[in-house]
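Letter by letter, the chains look like this.
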Amino acid sequence: MSQGAVATMDRKPMPGMMVYNKKLGMWVFLLSEVMFFTSLIGTYVILRFAHPDHWADVGLVLNVQLTALNTFFLICSSVTMVKAFAAIQEGNQKGLQMWLLATILIGASFVGIQVYEYMALTGEGFVPMLDSYHAVGRGNPHEGPSLGGPLYGATFYAMTGFHGAHVSIGVLCLIFVYVQSLRGVYTADNHEGVEVIGLYWHFVDLVWILLFTIVYLI
Amino acid sequence: MNFFWRMGMLLAGMLTVVIVLWVITGPSWTDLSWVMPDNTVSTFGPTLDNLWLIILWVTGIIFVVTEITLLVFMVKYRHKEGRKAEYIHGSNNAEIVWTTVTFVIVMALAFYSKGLWDEIRDPNLIPADAYQIQMLASQFEWNATYAGADGLFDTADDFISRNVLHIPVDRPVVVQLMAQDVIHSFFLPEFRVKQDAVPGMITPVWFEATRIGEFTLACAELCGLGHYTMSGTVIVHSQADFQDWLAQQQAAAEDD
Amino acid sequence: MSTTTATETHAGTAEHHELSFVRKYIFSTDHKMIAKQFLFAGLMFLALGGLLAVMIRWQLGFPGRPLPVFIQWIFPDTMAPGGIILPEFYNSLVTMHATFMVFFALMPLMAGVFGNLLIPLQIGAEDMAFPRINMASFWIMPVAGFIMLASFFVEGGAAGAGWTSYAPLSTSGEWTGVYMGQILWLISLIVLGFSSILGALNYVTTVMNMRAPGMTWFRIPLATWSIFVTAWLLLLAIPILTGGLILLLADQTLGTAFFRPEGSGEPLLWQHIFWFFGHPEVYILILPAMGFVSEVIANRSRKPIFGYHSMVIAMVSIGFLGWVVWGHHMFQSGMNPLLGMTFVVTTVVIAVPSAIKTFNWMGTLWRGNIHFDTPLLHAVAFVALFIIGGLSGIFMASAPVDIYIHDTYFIVAHLHYVLVGGSLFGIFAGITYWYPKMFGRMMNEGLGKVHFTLSFLFYNMAFFPMHNLGVQGMMRRIYDPNQYEYLQGLQPLSTFISISIFLFATTQILFAFNFLWSLRAGKVAGNNPWKSCTLLWTTPSPPPHGNFPEMPIVYRGPYEYSHPDREEDYWPQDEPPETSEAGGQLAAAPSPEPVPGD
């Protein structure tokens, strides 16, 4: 065989892990993501144990009701994602498109509600900065004692912010997959892209349930 | 002998390079000591030096044996025409032996270290009658606060000694380390003491001087531009002299 | 469930027989080209890190003396007015030397170069699992490197808080005088993290999923095993660092107080995050070298590797144990002293797998037929120097002894024995051994031996006496040790060390020359110049796009050297057994792994 020529293999090996590369790659990548969130959540846990006085009581500063609704939305989007995948497994391209669109819309509204929440919170003085932190609590006038301390704000924005970024990236990826689905790329036999983005989406959802619990409810 | 002749020449050449550079730069042979310097002045210093010596012996013997074995193998099993390596995949017995032996040796060293570590660092084992000093490290100086006559800190008769730590001999001293800005490290080489001073934390470190004299206080943690200048002195007084010094400083403090 | 392999990308490129220059040499998705890109970039950063080291040693060897004439003109007055290195520039030098060496030289040279080169070729795959992600993994690296380099030229100079960037020194320019430099340092490493993760993602997926038929887990060559374990460490450790860096960046730029004590932040938390990443990182920097050395020693002594299984188990257990020892960097940090003993015990346990590996290398040499080629010399030097680095580690693993030697030159000596004597000599072994496969030509053997001999000599002259400086109590990262009276007598030894470093650095020019000269003028290598058993050497040198003319089938382990029944002293992994027909033999082999699919 001459140098520089292109060799082709006449046989392909079975994937060693019995799943296709992209799916395995996504699983491995999600493990890496787990470690990233571990570093943020670990920081939160250590700072909270060291300085409990920086945290205000549940519901005083953070809007639990609104976020509970938002959490419900995100869980719904996982359901629609499952529906989308189920549809294309049966070769139902219309169903795939519809459920993907639903997932995108719910995902985007999650981000939208989070942005609204951030604006309300910063308006009430709940910011991550050490110097300007002065959380007055929900619905209070802009005077009064500060609730909690800057570590509360800093860890809150670090964790929810990076989760929000993950949701946003997820929405962008879903839009890409949606466009592909409109072009008819996915079929009953070929829907790796849908499954892989679905894995990511469920992971982000799962992380949120954990974050909602420890950030808002505890 | 051709092989040995060439290797001998090579080694001789290497040695010549080392010796020439050694002579040009002029270090002393004693600089190459592997034994801890014979200057320790704290109660636990000799124990620590002894532990060092034990580890030095254990690792030293392993070092010499393994490196010589390696060398012998290299020479003995070097390629010769017509020889074939032996087809050996390993030996479970050998694996078990060296795994166990290594495990036992390092565990023994670890648990032998425990006693001394507890003695020096266990917060419950700090001598109760120790003399208390507060040490605030800042860029780039050491501020030692003494409690004054009332023995209490944050009172009017407190006084500060800058970059000089005065302590009595033969009496345990607890230095409560604090830092104003960044992390510094309180290093007394002769006392075998090193402890980081972290801003926002109070870290106690105790030691007991066994000799009167002047010793080094150094900063061992990179703390900014002037890190290398952040040195000080430890002056160990006799107990009587220390009381005199305290009285003197206190009088000066009250005059202000 | 679909079981198609993700080879669309490759199939796409395979149809283009002539790739454009840009696709072939710059934005290439071929793992071998990416390996070469990592190699050139890594060697350049290695040279840069080396120059920074030379500057550091100039200051320590000749404190307060102006740099030699031509060199002093390079530096502006903000760094070295009149050629005299300023303390702030010294701090930047120390920080950037370590940063460039660890993140931009050693990591790319090990995982980047050899992960890419070896994994597909040693397991019989046509390329990586995700070639385009692989390309991205490379191109992120020079971008991060550019950001890091740029920090030298911003106001206040490059980061000067040490490569560990301990908070709160690193949280604000008011403590160091470095504002933008520290921010760029943080951004650069955050960016670089993506490169490592994307690379590692590929290595893990490729090894797990794309092995040729018959390539069972315990037939994988040790170099690939080592990079597989390393890739897991990268995947799980780098995100921890990234998280920490982002929080530190927020402290710097937004004014949060995660690590700033004035806002109740915890400086020690940064250290925990850093070393929780940092200790696995240490193994990221040494495990691949262990793999290269295993490969070279088995091949060059023409003997099966001694204790293949225990070698693999040792690497995997080092990978696991690396996660529970980080506290030994923090014995003197103010961490709860009662945690000390836990970390002492976990730390010394790591000595066990390290010892197993060392003894197995020696066992491989025992009764071998050792060929003194350049790769072998470097590999044996690795073993010899790793023994020193490993044994000196036991001193600091003992917490009370660490009280004295922590932050002294003893630590500097230890880490350079592991990372230069270990990793760098391992890299030299790897480059000289696999160079013929990468470029189709051999490196010059005579020049290689001269380079090795001088490197080994000057290396030891430079770093061995550093142990003694540490024993005398000399602190690291000190601009001018003569400030301390008790260290003044050690100046001649420091000068001796510095000159040795200069000689060591100069010697590397030989390597650079040999490397570049052999590209054109080296002896043509042929497929298998080392008579090796692994699949890699069954391909042409350099291998074409797609690597293997047809899917190789693996029948045996990777180190079947000097089999008594065979004329040749090696038995390639893909050579069918002579006795029965290939299919029957393979099917009969007890193997939980996939047999050839059709």
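What you see as residue numbers is a count from 1 along each chain, following the sequence as written. Ligands are numbered from 1 and chains lettered from A, in the order in which they are written. At least 70 in pLDDT is required for a residue's local features to be given in this predicted model, at least 80 for side-chain atom pairs to be given and counted, and no such filter applies to totals for whole chains, interfaces and linings, which use all residues. Excluded from the side-chain calculation are hydrogens and water; included are all heavy atoms of the structure.

Novice: Summarise empty space enclosed by the protein; cite the residues concerned and give the values.
Specialist: If you roll a probe as big as a water molecule over the atoms, it shows you where there is empty space left. Residues and elements named next belong to chain C. Definitions used throughout: a 1 Å grid over protein atoms alone; a cavity as a set of points that fits a 1.4 Å probe which cannot get out; a pocket as an open set with protein on both sides within 12 Å along at least five of seven lines; a lining residue as one with an atom within 4 Å of a point. Grid points are joined across faces, edges and corners, and a volume is the space filled by probe spheres set on the points. Inspection of the entire model under this criterion finds 10 cavities of 30 Å³ or more. The computed volume of the largest cavity comes to approximately 140 Å³. Around the largest cavity, the lining is made up of 15 residues, and of these Phe-38, Met-107, Gly-112, Ser-195 and Ser-196 lie nearest the centre. A run of DSSP states H or I qualifies as a helix once it reaches four residues; a run of E qualifies as a strand once it reaches two. Both are numbered from the N-terminal end. Every element with two or more residues in the lining of the largest cavity is listed here: helix 5 (87-123), helix 6 (131-150) and helix 8 (180-209). The element best represented in the lining of the largest cavity is helix 8, accounting for 6 residues.

Novice: Mind laying out the interface of chain C and chain B, listing which residues take part and the relevant values?
Specialist: The contact rule is simple, with two residues in contact once any of their heavy atoms fall within 4.5 Å. With 109 residues of chain C at the contact, the number on the chain B side is 93 residues. Where chain C abuts chain B, roughly 9000 Å² becomes buried across the two surfaces, and 73% of that area is made up of carbon and sulfur atoms. Considering only the surface of chain C that becomes buried against chain B, Phe395(C), Ile403(C) and Tyr404(C) emerge as the three largest contributors, covering 8% of it. Any Lys or Arg side-chain nitrogen located within 4 Å of an Asp or Glu carboxyl oxygen qualifies as a salt bridge. At the boundary of chain C and chain B, one finds 1 salt bridge. Between Arg367(C) and Glu86(B) there is a salt bridge, with the nearest N and O atoms lying 3.3 Å from each other. Residues adjacent in sequence count toward polar contacts only when both atoms are side-chain atoms; beyond that, a polar contact is any pair of N or O atoms within 3.5 Å, and within protein one must be able to donate a hydrogen and the other to accept it. The tally of links between chain C and chain B comes to 29 residue pairs in polar contact (both at pLDDT 80 or more). For the side of chain C that touches chain B, the element with the most residues is helix 12 (residues 340-365) of chain C, which contributes 14 residues. In this description, buried area is defined as the sum, over both parts, of the accessible area (probe of 1.4 Å) that is lost when the two are combined.

Novice: How would you summarise the side chain of His328(C) if you had to cite specific residues and measurements?
Specialist: Residue and element names in this part refer to chain C. With respect to the secondary-structure elements, His-328 resides in the loop between helix 11 (308-321) and helix 12. A polar atom in the side chain of His-328 sits 3.2 Å from the side chain of His-279. When residues no more than four places from it in sequence are discounted, the contact partners of His-328 are His-279, Phe-343 and Thr-347.

Novice: Before we move on, can you summarise the packing of helix 2 (residues 64-89) of chain A against helix 3 (residues 93-123) of chain A with the specific residues and values?
Specialist: Residues and elements named next belong to chain A. Working convention: axes come from line fits to C-alpha atoms, limited for helices to the stretch in contact. Angles between N-to-C directions cover 0 to 180 degrees. Between helix 2 and helix 3, the shortest axis-to-axis distance is 8 Å and the interhelical angle comes to 160°. Regarding the angle of helix 2 to helix 3, the classification is roughly antiparallel. In this structure, helix 2 crosses over helix 3, and the sense of that crossing is left-handed. Across the contact of helix 2 with helix 3, the residue classes break down as 16 nonpolar, 9 polar and 2 charged. To sort the angles, those under 35 degrees are grouped as roughly parallel, those over 145 as roughly antiparallel, those from 65 to 115 as roughly perpendicular, and the leftovers as oblique. By the definition used in this description, the sense in which the near helix is turned from the far one sets the handedness, with an anticlockwise turn below a right angle giving left-handed and a clockwise turn giving right-handed. Residue type decides the class: Asp, Glu, Lys and Arg count as charged, Ala, Val, Leu, Ile, Met, Phe, Trp, Tyr, Cys and Pro as nonpolar, and the leftover types, Gly among them, as polar.

Novice: Please give an account of the sheet that holds strand 5 (residues 172-179) of chain B that cites residues and values.
Specialist: All names here are of chain B. Any two strands are treated as partners once DSSP identifies two or more bridges connecting them. With mixed pairing, the 5 strands of this open sheet are ordered in space as 3-2-1-5-8. In this open sheet, the two edge strands, each paired with only one partner strand, are strand 3 (159-162) and strand 8 (203-208). In this sheet, neighbouring strand axes are inclined to one another by 30° on average, regardless of whether the strands run parallel or antiparallel. Sitting on the sheet, helix 4 (residues 239-255) touches strand 1 (131-138), strand 2 (141-146) and strand 3, and the angle it makes with strand 3 is about 110°.

Novice: Lay out the sheet that holds strand 4 (residues 164-168) of chain B in plain terms, naming residues and giving numbers.
Specialist: All names here are of chain B. Within the open sheet, the 5 strands sit side by side as 4-10-9-6-7. Their pairing is mixed. The open sheet terminates on both sides in strands that have one partner only, identified here as strand 4 and strand 7 (193-197). Within this sheet the neighbouring strands show an average axis-to-axis angle of 25°, counted without direction. Two strands pair when backbone bridges link them, and strand 6 (residues 184-188) and strand 7 are joined in this way by 5 bridges, in the antiparallel orientation. Bridge pairing links His-184 to Ala-197 in strand 7. Set on the sheet, helix 4 makes contact with strand 4 and strand 10 (232-237); between it and strand 4 the angle comes to about 130°.

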